Amino acid sequence: MENLLWLIPALPFLGALLLILFGNRLSRTLVGVLGVGSVGIAALITILLGIEFLSERPAFYHQEVWQWFLVAGFNPSIAFHLDALSMVFVFVITFVGFLIHIYSTAYMAEDADFSRFFACMNLFVGSMLMLVMADNLLLLYLGWEGVGLCSYLLIGFWYKEPANGYAARKAFIITRVGDTAMAIGLFMLFQAFGTLHIQTILTEAPDTWAVGSQMAVIVALLLLGGAVGKSGQLPLQTWLPDAMAGPTPVSALIHAATMVTAGVYLIARMYVIFDLAPVAQLAVAVIGAVTLLIAGFSALTQYDLKRVLAYSTISQIGYMFLALGVGAWSAGIFHFMIHAFFKALLFLCAGAIILALHHEQDMRKMGGLRHSMPVVYWTFLIGAASLAALPIITAGFYSKDQILWYTLAGPVGSIWLYMAGLIGAFITSIYTFRMVFMTFYGESKTHVAHPPGKVITIPLIILAVLSLVGGFIELPHNFAHVVLFSDLMAPVLPGIMANELMAANEWVFQVLAAVVSLAGVYVAYLFYLKRPSLLQSLDRSDTAMALHRFWHSGWGFDALYDALLVRPYVFLSNLNKRDIIDSFYTGLARMAEGFHEMFSATQNGVLRHYVLGVVVGAIMILTISLLL
Amino acid sequence: MSTAYMEAALLLAGILFMLGLISVLIRRNIIFMLISVEIMLNAAGLAFIVAGTRWVQPDGQIMFIFILTMAAAEVSVGLALILQIYHQLKTLNSDAANVMKG
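Residues numbered from 1 in each chain as written. Chains lettered and ligands numbered in written order. Predicted model: local features only at pLDDT ≥ 70, side-chain atom pairs only at ≥ 80, totals over all residues.

For chain B, the name recorded in an unreviewed UniProt entry is NADH-quinone oxidoreductase subunit K, with Pontibacter saemangeumensis as its organism. According to the UniProt record, the Sequence similarities (unreviewed entry) comment for chain B is "Belongs to the complex I subunit 4L family." UniProt annotates chain B under Catalytic activity (unreviewed entry) with the comment "a quinone + NADH + 5 H(+)(in) = a quinol + NAD(+) + 4 H(+)(out)". (UniProt positions renumbered as here; feature names shortened; annotations may be inferred.)

If you check an unreviewed UniProt entry, chain A appears there as NADH-quinone oxidoreductase subunit L from Pontibacter saemangeumensis.

Right under this line is the structure:
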């Protein structure tokens, strides 16, 4: 089975290649079969490999396909490395990706560019798989840029709308800022180790760098820069809400489940570097904590269904960063997996609603959909419950509780980070159920044009089941003590020990997390169903409205960057419209032209003038030779 | 040959050369220009003869024979060109032959 490793990324690439070359000539059915099938077979291979992996428990599977190039001792290869960490990512990418592809065949059925859509999606899946399976950082970087490209292509999929093109460029340019930092980090890693092979670096780093050494901190911060850009964390988070301009399956696959968590993968993959740089690791935690709060408050005020989910994604990735930052590596990856399930589910439900309401995304125009779309309602409710981390039944509770617990009781835990996480959890459940109540309750405002078919509902049901039972593979030890997931991660990522003193009282914090989550649901219920008058009185207050506007605009980050970066840049480029540097070269050309005019005037065709020229020249030469 | 003779002969050659040059510059008629060029050539030939006599060497006379040969060749080409110019432009004014100016 190990020999089949290369097929996992190769199949989606093959699908993309075929669709790019022949997509226009194939029938829609065939395009769908190719697009879905390539990812489906990759998912099948992944599951078979996963079963073998779980039963044999090797440290990792490794396959070298060929040497990429060899320059001055630098010989990266196209080689794949599959250990427990990448296994989880590959599983989520192929399996959730497969479900989203199936869903897309129905969602995009009416679209004229059906084959282009699947070509880009397959290319994305292939690049993302290469990113998580790469055994060296250069191949990882190739995948990293590949997913960035696909993200750009798919955000701007409906390119006839200028706003979509703008959103695509914004996403591309802002993530490029982080990528540049990451590239510099890779250069420094290569300079220090002479290789970019991940396992070699991880083994050698503790011998090369002391804990807290300057180089380790700089490299870790540069890698963090790349992760922050890709994962939409502070301060590079502004592109993600705008990325919702793409088709909804794209938002589900790229901007919720997989690509935006590439930053989480990068940090977990290079955890040794972060272990050696406690400052950088603290920065990870702080960025995560601040981001989850900022994005949570922004999500509270959005009216666009997809933007709520986008801010919620930023916020949930903030939780993952928080977990990584306090050293709860396994908890972060666990939350990634569960988040992929429920966030993909929520996005797909949102897509079903948007499709049924003729591309209406404004929640104020929705309402009462509970009766007309029961399957979507129930699956959305399950996804929302998981996002809000409702206790006991949902997977989200177990993953988020684990993060909160280690944030407080872990070796570098602090009460401040814990409070941020707890407040974030409260906000999360408010905005989640605000979304549920606004969309599915109340009176119906828009007529449901066509209820979703089976192709749409089946992926929803599968994801809903996963959002519920996915959490049961990792339960708190005082509850049932199931540690399947952290056992799986143990060979790859270091475990974390909770503070002994606090461990006795773990149940207190679990109950606290549960209460906070339920309180959030109640607050949403109070404001949006029971007493809408409360909301109206809030609307009348100036402070509340100012705060609302501030949060609605995403804490003014767009305006800030506009004033700080975009405007000065535009000003400078306007100033330099005539291109000052270029004027030197233009001057050279002008001078040549001037001399040309001058000498061309002497070619007047009068023979006697030519003779005169010869004579004057001869006299000058004679004079000079006599004088010298 | 005394120095005084040589100087006089060189002066004569210089005067002849300047006369030829000036008439090339001021004449418009292309045949007169050709004749003036011949005068300049002969002035140069005279200078060679004088120099050859002064140092009692045959080189000067050899050069003069070269110049004569070259002048004959030049005149034949030059006259052919003048004929062509006259056929084309119906005039011998050299200023009219300026159709290839830059």
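Draft legend 1. Focus on the overall build of chain B. Per the secondary structure count, chain B includes three helices and zero strands. Tracing chain B from N to C terminus, the helices and strands come up as α-α-α. Relative to the 2.2 N^0.38 estimate, which gives 13 Å for 102 residues, the radius of gyration of chain B is 17 Å and therefore markedly larger than a compact globule would have. Along the three orthogonal principal directions, the C-alpha set of chain B runs to about 50 × 25 × 20 Å. The buried share of chain B, taken over its 102 residues, is 11%. (Helix = DSSP H or I, 4+ residues; strand = E, 2+ residues; numbered from the N terminus. Rg over C-alpha atoms; globule rule 2.2 N^0.38 Å. Buried ≥ 20, exposed ≤ 12 C-beta atoms within 10 Å, placed from the backbone.)

Draft legend 2. Fine view of the overall build of chain A. On a plain count of helices and strands, chain A comes out with 28 helices and four strands. Viewed in the frame of its principal axes, chain A has a C-alpha envelope of about 110 × 60 × 55 Å. Residues counted as buried form 50% of the 628 residues belonging to chain A. Considering only residue pairs separated by 6 or more positions, chain A has 81% of its internal contacts joining residues 24 or more positions apart. (Contact = placed C-beta atoms within 7 Å.)

Draft legend 3. The interface of chain A and chain B, seen in detail. In this assembly, 10 residues from chain A lie in contact with 11 residues from chain B. No other element matches helix H28 (residues 607-627) of chain A, which puts five residues into the side of chain A that touches chain B. Residue composition of the side of chain A that touches chain B, grouped by class: five nonpolar, four polar and one charged. (Nonpolar A, V, L, I, M, F, W, Y, C, P; charged D, E, K, R; others polar.)

Draft legend 4. The arrangement of the confidence of the model for chain B in detail. Considering every residue of chain B, the mean pLDDT works out to 89; 96% of them sit at 70 or more. As scored by the predictor, the complex reaches a pTM of 0.79 and an ipTM of 0.84. (pLDDT = per-residue confidence, 0-100.)

Draft legend 5. Region of interest: the nonpolar core. Residues and elements named next belong to chain A. Ile267, Phe341, Ala344 and Leu348 are the most contacted members of the largest nonpolar core, which totals 211 residues. Broken down by element, this core gets its largest block of residues, 21 residues, from helix H15 (residues 329-356). Excluding anything up to four places from it in sequence, Leu348 contacts Ile100, Tyr103, Ala252, Pro459, Leu460 and Leu463. (Core = buried A, V, L, I, M, F, W, Y, C linked by C-beta atoms within 7 Å.)

Draft legend 6. Spotlight on the UniProt feature "domain: NADH-Ubiquinone oxidoreductase (complex I) chain 5 N-terminal" (unreviewed entry) in chain A. The feature "domain: NADH-Ubiquinone oxidoreductase (complex I) chain 5 N-terminal" (unreviewed entry), as annotated in UniProt, sits at residues 68-118 of chain A in this numbering. Annotated as residues 68-118 of chain A, this span is 57% helix and 12% strand, and its ends, taken at the C-alpha atoms, are 28 Å apart.

Draft legend 7. Broad picture of helix H18 (residues 395-409) of chain A. With 15 residues, H18 of chain A should cover 21 Å at 1.5 Å per step; its first-to-last C-alpha distance of 21 Å lies within 8% of that length. Among the 15 residues of H18 of chain A, 15 are classified as buried, and the element is accordingly described as predominantly covered. (Expected span 1.5 Å × (residues − 1).)

Draft legend 8. Local environment of the domain arrangement of chain A. Along its sequence, chain A is organised into domain 1 (286-540) and domain 2 (578-627). Here the C-alpha centre of domain 2 of chain A lies 80 Å away from the C-alpha centre of domain 1 of chain A. (Domains from an automatic or database assignment.)

Draft legend 9. A look at the packing of helix H3 (residues 84-107) of chain A against H15 of chain A. Residue and element names in this part refer to chain A. As a packed pair, H3 and H15 sit with axes 10 Å apart at the nearest point and diverge in direction by 5 degrees. Here H15 runs roughly parallel to H3, going by the angle between their axes. Between H3 and H15, the residues in contact are Leu85, Val88, Val92, Val96, Ile100, Tyr103 and Tyr107 and Ile333, Met337, Ala340, Phe341, Ala344, Leu348, Gly351 and Leu355, respectively. Split by residue class, the contact of H3 with H15 holds 14 nonpolar, one polar and no charged. (Axes fitted to C-alpha atoms, helices over the stretch in contact; angles between N-to-C directions. Parallel < 35°, antiparallel > 145°, perpendicular 65-115°, else oblique.)

Draft legend 10. Highlighting the confidence of the model for chain A. Confidence along chain A averages 87 in pLDDT terms, with 100% of residues attaining 70 or more. No element of chain A has a lower mean pLDDT than helix H22 (residues 500-503) of chain A, which averages 70, and none a higher one than helix H5 (residues 137-155) of chain A, which averages 92.

Draft legend 11. Looking closely at unusual backbone geometry. All names here are of chain A. In this structure, the amide linkage connecting Leu234 to the following residue, Pro235, adopts the cis form with an omega of 0 degrees. Checked against the element boundaries, Pro235 lands in the loop between helix H8 (214-231) and helix H9 (239-242). Phi is positive for Arg57, close to 55 degrees, though the residue is something other than glycine. With respect to the secondary-structure elements, Arg57 resides in the loop between helix H2 (28-56) and strand S1 (61-67).

Draft legend 12. How the structure looks around the packing of helix H17 (residues 374-387) of chain A against helix H20 (residues 454-469) of chain A. Residue and element names in this part refer to chain A. In the contact formed by H17 and H20, the axes pass within 9 Å of each other and the chain directions differ by 30 degrees. What the angle tells us is that H17 and H20 run roughly parallel. H20 is crossed by H17, and the crossing has left-handed handedness. On the side of H17, the interface is formed by Val375, Val376, Thr379, Ile382, Gly383 and Ser386, while H20 contributes Thr457, Leu460, Ile461, Ala464, Ser467 and Leu468. (Left-handed = near helix turned anticlockwise from the far one by under 90°.)

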